[in-house]
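A structural walkthrough
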Amino acid sequence: GTVEALLDDLDTLTAILTAHVVPMVVMSADIPAGDTLVDTLNGDASLTVSNSGSGVTVSLSNTANVVAVDVLASNGVIHVIDAVLLP
């Protein structure tokens, strides 16, 4: 029922989707050690990117692990995470 509810609430769906996108290309080798705050296309949400050296996580109100990096796309690069981040 969650997907159907989001399709009926395009403002919420847009907020969730744009919280997953940053307006720049960031390759995994460019992610510094420690915590970095990154603005998203959402405008109201900033991701905390944490690079511990043994793995990278991204956080909003919840945390996701980066499980695949540097997937090139025609409009940027994708880093696959294991959860949906909620603003």
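Provided above is the structure to which this section pertains.
Rules and cut-offs
Residues numbered from 1 in each chain as written. Predicted model: local features only at pLDDT ≥ 70, side-chain atom pairs only at ≥ 80, totals over all residues. Heavy atoms only, no water. Helix = DSSP H or I, 4+ residues; strand = E, 2+ residues; numbered from the N terminus. Rg over C-alpha atoms; globule rule 2.2 N^0.38 Å. Pairing = 2+ DSSP bridges. Axes fitted to C-alpha atoms, helices over the stretch in contact; angles between N-to-C directions. Core = buried A, V, L, I, M, F, W, Y, C linked by side-chain atoms within 4.5 Å. Buried < 20%, exposed > 50% of the residue type's maximum accessible area, 1.4 Å probe, protein only. Contact = heavy atoms within 4.5 Å. Patch = residues over 30% accessible without salt bridge, like charges linked within 9 Å, V, L, I, M, F, W, Y side chains within 5 Å. Areas by Shrake-Rupley, 256 points an atom, 1.4 Å probe, with all protein chains shown as cover. Salt bridge = Lys/Arg side-chain N within 4 Å of Asp/Glu carboxyl O. Lys, Arg positive; Asp, Glu negative; His and termini not counted. Charge placed at Lys NZ, Arg CZ, Asp CG, Glu CD.

Each helix and strand counted, the chain has two helices and five strands in total. Listing every helix and strand of the chain by position from the N terminus yields α-α-β-β-β-β-β. Taken against the 2.2 N^0.38 rule, which gives 12 Å for 87 residues, the C-alpha radius of gyration of the chain at 13 Å falls within 12% of a compact globule. Projected onto its principal axes, the C-alpha positions of the chain cover 40 × 30 × 25 Å.

Think of a sheet as strands paired side by side through backbone hydrogen bonds, with each pair either parallel or antiparallel. The antiparallel open sheet is built from five strands, whose spatial order is S1-S2-S3-S4-S5. Across the chains shown, the open sheet's two edge strands, defined by having one partner strand only, are strand S1 (34–39) and strand S5 (76–81). This sheet shows a mean twist of 35° between the axes of neighbouring strands, independent of strand direction. Both strand S4 (residues 63–73) and S5 contribute to a ladder of five bridges, which runs antiparallel. Bridge pairing in S5 links Val71 to Ile78.

So, on to the pairing of S1. Pairing of S1 with strand S2 (residues 46–51) involves six bridges; the strand directions are antiparallel. The residue of S2 that forms the bridge with Val38 is Leu47. Between S1 and S2, which pair antiparallel in sequence order, lie six residues; one of them, Gly43, sits at a positive phi of approximately 90°.

We now examine the nonpolar core. Within soluble globular proteins, side chains that are nonpolar tend to cluster in buried spots. Core analysis: the largest hydrophobic core is formed by eight residues, namely Ile31, Val38, Leu47, Val49, Val56, Val58, Ala64 and Leu85. Of all the secondary structure elements, the ones that give two or more residues to this core are S2 and strand S3 (56–59). When near neighbours in sequence (up to four residues on either side) are disregarded, Ala64 contacts Val56, Thr57, Val58, Ile81, Asp82, Ala83 and Leu85.

Once that is clear, we can look at a negative patch on the surface. Taken together, the side chains of Glu4, Asp8, Asp9 and Asp11 present a region of like negative charge at the surface. For Glu4, the position within the fold is in helix H1 (residues 2–8).

On to the environment of Leu13, then. Following the sequence through the fold, Leu13 ends up in helix H2 (residues 10–18). Separated by 21 residues in the primary sequence, Leu13 and Gly34 have C-alpha atoms spaced 30 Å apart. Each residue touching Leu13, except ones within four places of it in the same chain, is listed here: Leu6 and Leu7.

Nonpolar side chains collect at one region of the surface, where Val67, Val71, Ile78 and Val80 lie side by side and expose about 290 Å² of accessible area between them. Those elements that provide at least two residues to the nonpolar patch are S4 and S5. For Val80, the position within the fold is in strand S5.

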